[in-house]
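Working through the structure, step by step
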Amino acid sequence: MADVPKREVENVEFVFEVMGSPGEGIDAVDLGDALRALNLNPTLALIEKMGGTKKRNEKKIKLDEFLPIYSQVKKEKEQGCYEDFIECLKLYDKEENGTMMLAELHHALLALGESLEDEQVETLFADCMDPEDDEGFIPYSQFIQRLMSDPVVFD
């Protein structure tokens, strides 16, 4: 078995219970969601490299196949951390007071990097963000904290 501590194996097993079917494992299209549910932040390219698929029912990943993937992704350096995300959003903080325009964050999530769909952005905002103020600003550090502490699952 991969070099995964017992406690983390229990967490992986729980994710498999929730996301998979007994004896079959999880669908490879859900690989990224499973990793994110375990507090990892893999890129789409890494998910594809690790065996994730774009279509449902193409491939199943069993627990014994998933553990080495989990272990390897956990060691990856390409994952952003809280400080990385804050540094990026500071670029939009024109007043240097910890806030940015909600519209700019919306645009960035839709257009930059591994872009999201509009409904995914709306789900993120509903789950992780306080309402914007009268001038359209939001405190971005709270958004990042909530986003990273409570994974959002898209249907």
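Heads up: the structure comes first, above all this text.
Everything in this summary refers to the structure shown in the same document. Since the structure is predicted, the reported quantities are computational estimates derived from the model, not experimental observations.

In this structure, L31, L35, F66 and Y70 are the most contacted members of the largest nonpolar core, which totals 21 residues. Residue assignment for this core shows that the elements contributing at least two residues are α1 (6–19), α2 (31–37), α3 (44–49) and α4 (63–75). No other element matches the 5 residues that α4 contributes to this core.

With that settled, consider helix α6 (residues 102–111). Three or more residues of α6 are buried, namely L102, L105, H106 and A108. Considered in projection along α6, the buried side chains sweep an arc of 165° and stay on one side of the axis. Pointing more than 90 degrees away from the buried face of α6 are the exposed residues A103 and H107. Elements in contact with the buried residues of α6: α5 (82–90), β3 (99–101), α7 (118–128), β4 (137–139) and α8 (140–149). Following α6 by one or two positions, G113 adopts a phi angle in the positive range, close to 60°.

All right, on to the environment of V12 then. In this structure, V12 sits in helix α1. We classify V12 as buried; its relative accessible area is 0%. Along the backbone, V12 and A37 are 25 residues apart, and their C-alpha atoms lie at a distance of 9.0 Å. Those residues within four positions of V12 in sequence are excluded, and the remaining contacts are L38, L63, F66, L67 and Y70.

Moving on, we come to unusual backbone geometry. Glycine aside, negative phi is the norm for most residues, and most peptide bonds take the trans geometry. In this model, N57 sits at a positive phi of 70°, which is unusual for a non-glycine residue. On the secondary structure map, N57 appears in the loop between α3 and β2 (60–61). In the Ramachandran plot, E96 falls in the positive-phi region, its phi being about 50° despite a non-glycine side chain. Inspection of the secondary structure assignment puts E96 in the loop between α5 and β3.

Our focus in this paragraph is the packing of α1 against α4. Axis separation between α1 and α4 bottoms out at 11 Å; the angle between their running directions is 120°. What the angle tells us is that α1 and α4 run oblique. Crossing of α1 against α4: the hand is right-handed. Here E8, V9, V12, E13 and F16 of α1 lie close against α4, whose contacting residues are L63, F66, L67, Y70 and K74. Considering only residue class, the contact of α1 with α4 consists of 7 nonpolar, no polar and 3 charged.

So, about the packing of aromatic side chains. Counted by the stated rule, this structure contains 3 aromatic pairs. Considering the side-chain rings of F16 and F66, the 5.1 Å spacing of their centres and the 65° angle between planes classify their relative orientation as edge-to-face. Linking F16 in helix α1 with F66 in helix α4, this pair joins segments that are 50 residues apart in sequence. Pair check on accessibility: F16 and F66 agree, each one buried. Relative to F143, the ring of F125 lies with its centre 6.1 Å away and its plane at 70°, an arrangement referred to as edge-to-face. Linking F125 in helix α7 with F143 in helix α8, this pair joins segments that are 18 residues apart in sequence. Judged on exposure class, the residue F125 and its partner F143 are both buried.

How each quantity is defined
- Residues numbered from 1 in each chain as written.
- Predicted model: local features only at pLDDT ≥ 70, side-chain atom pairs only at ≥ 80, totals over all residues.
- Heavy atoms only, no water.
- Core = buried A, V, L, I, M, F, W, Y, C linked by side-chain atoms within 4.5 Å.
- Buried < 20%, exposed > 50% of the residue type's maximum accessible area, 1.4 Å probe, protein only.
- Helix = DSSP H or I, 4+ residues; strand = E, 2+ residues; numbered from the N terminus.
- Arc of directions from axis to C-beta.
- Contact = heavy atoms within 4.5 Å.
- Axes fitted to C-alpha atoms, helices over the stretch in contact; angles between N-to-C directions.
- Parallel < 35°, antiparallel > 145°, perpendicular 65-115°, else oblique.
- Left-handed = near helix turned anticlockwise from the far one by under 90°.
- Nonpolar A, V, L, I, M, F, W, Y, C, P; charged D, E, K, R; others polar.
- Phe/Tyr/Trp six-rings, centres within 6.5 Å; stacked < 30°, edge-to-face > 60°.

Keep in mind these numbers describe shape, not what the thing actually does.
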